[in-house]
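An overview of the molecular structure
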Amino acid sequence: MKNIILVGILIFFLLFFGGLGANKQLLEVSGLILGLISVSFVYIKNRIIRFPYGFSYFLLFFLLSLLSQIWSRAPQKGIESLILFAAGGLFWLFFYNLKTDKKFSEIFGWSLTILGVLFAFIYLGSVLVNERLPWSFSLSAPYTGNHHHLGDYWVLPFLFLLTKIMKEKKLIYLLLILLGIFILAFSLSRSSYVSLALGAFIIFHKEISPRIKSALKRVVIFSTAIFMLASLFKTTLYSRIYFLQGLAGIIEHPLGVGLGNFSIVSKEFARTFSAQPLFSSNAHNIFLEALTGIGIFGLIFLFWYYKVSRILLKTSSYYSAIFFALSTNFFFDTTYMIPAMLWLWFISLGLAQNSNA
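On to unusual backbone geometry, then. One non-glycine residue, Arg47, adopts positive backbone phi at about 65°. Residue position: Arg47 is located in the loop between helix H2 (24-46) and helix H3 (55-67). According to the relative accessible area criterion, Arg47 is exposed, its value standing at 66%. Despite not being glycine, Asn130 shows a phi value in the positive range, around 55°. Turning to its location among the elements, Asn130 is positioned in the loop between helix H5 (102-128) and helix H6 (150-167). Of the residues examined, Asn130 reaches a relative accessible area of 70% and is grouped as exposed.

Here it is in structure tokens:
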């Protein structure tokens, strides 16, 4: 038990630094090492490693991505992406094999909430001292002038707090939910609003009662209203033109340009769909990122996601809600480049499959 607590604490701090965005390369390697240690610990303790449903498809995707390094235009970027995914896969294995109970889900939910508060206070502190945070792909530093990834992250503790306040009307839950509403509104992240609505539906759709319907209705109305409000400050058409660039890149490079190299595709087609040159370093879509990276081989990644998500859609746990909320976010945003967010995607998948095993 003490060893499990120690590993849990290490993962908590890894997610904390993985959310800050500082020393990203060192952190990615640390995640890989901790993932290996975690899986080794489970094997030593249980004398066996159970492989979750869909793991073979993910392993095939990883091996094909590794193979694509042969023709990658910029292998260094591919190595970084491979390390991120390798660590994520190991965390998936570890949490799928971990023995959990209802108490663990409480600890997990509160851990995410504490992390969210810490990220918020770090950003607030930087504002108060008028110090610009230097980190890229961070949950504390602004992503752009009108988009803050903190809102994308806060969907996760917000969903947990929704489950808590539906059972008990405590002041602490209400205050934290109000904090979450403020952060979501402040972030102007439209992808977070869609993620929140879908996550809430996943949690409560099997418990539809007049009370739950009322709560879901409020969440959907809030998410829709704030989505429309955020759209007043941001364009929609031009901000998604890299989707078209990605599709053109797949046609032009059927074997891909190497994982993590979307910038190459974007530069090639920067003027194709607009009079102004529009360029992006990332696809803003994790599936398009895989397809432009390893070409037609990336279809195995889509197939992997289809297989695991089809099973999870039959459940209504908090873990499943996190997985689908993050999946939605990754469909419209670059948050999959933030180590903490990508690893939480795999962690929630492992926990969701574990709870239904």
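Time to look at the packing of aromatic side chains. In this structure the tally under the stated criterion is 46 aromatic pairs. Between Phe104 and Phe108 the ring centres are 6.3 Å apart and the planes differ by 15°, which places this aromatic pair in the stacked class. Placement of both Phe104 and Phe108 in helix H5 is noted, with a separation of four residues, approximately one turn of the helix. For the pair formed by Phe104 and Phe108, the shared burial category is buried. Ring geometry for Tyr123 against Phe186: centres 5.5 Å apart, planes inclined by 40°, an arrangement best described as tilted. With a gap of 63 residues between them, Tyr123 in helix H5 and Phe186 in helix H7 (residues 171-187) connect regions that are remote in the sequence. The exposure class of Tyr123 is buried, given its relative accessible area of 19%. A relative accessible area of 34% places Phe186 in the partly exposed class. The positively charged end of Arg50 is found above the aromatic ring belonging to Tyr96, 4.5 Å away from the centroid.

All right, on to H5 then. The terminal C-alpha atoms of H5 lie 39 Å apart, and with 27 residues this matches the ideal 39 Å at 1.5 Å per residue to within 8%. Residues of H5 that are buried: Phe104, Phe108, Gly109, Leu112, Thr113, Leu115, Gly116, Val117, Phe119, Ala120, Tyr123 and Ser126. One or two positions beyond H5, positive phi appears at Asn130, with a value near 55°.

By size, the foremost hydrophobic cluster in this structure holds 106 residues, and its most contacted members are Phe85, Phe108, Tyr153, Leu159, Trp304, Tyr318 and Trp345. When residues of this core are assigned to their parent elements, the largest contribution, 12 residues, is made by H6. Once residues within four sequence positions are removed from consideration, Tyr153 is found in contact with Leu112, Leu115, Gly116, Phe119, Leu139, Met341 and Leu344.

The rules we used
- Residues numbered from 1 in each chain as written.
- Predicted model: local features only at pLDDT ≥ 70, side-chain atom pairs only at ≥ 80, totals over all residues.
- Heavy atoms only, no water.
- Helix = DSSP H or I, 4+ residues; strand = E, 2+ residues; numbered from the N terminus.
- Buried < 20%, exposed > 50% of the residue type's maximum accessible area, 1.4 Å probe, protein only.
- Phe/Tyr/Trp six-rings, centres within 6.5 Å; stacked < 30°, edge-to-face > 60°.
- Lys NZ or Arg CZ within 6 Å of the ring centre and 35° of its normal.
- Expected span 1.5 Å × (residues − 1).
- Core = buried A, V, L, I, M, F, W, Y, C linked by side-chain atoms within 4.5 Å.
- Contact = heavy atoms within 4.5 Å.

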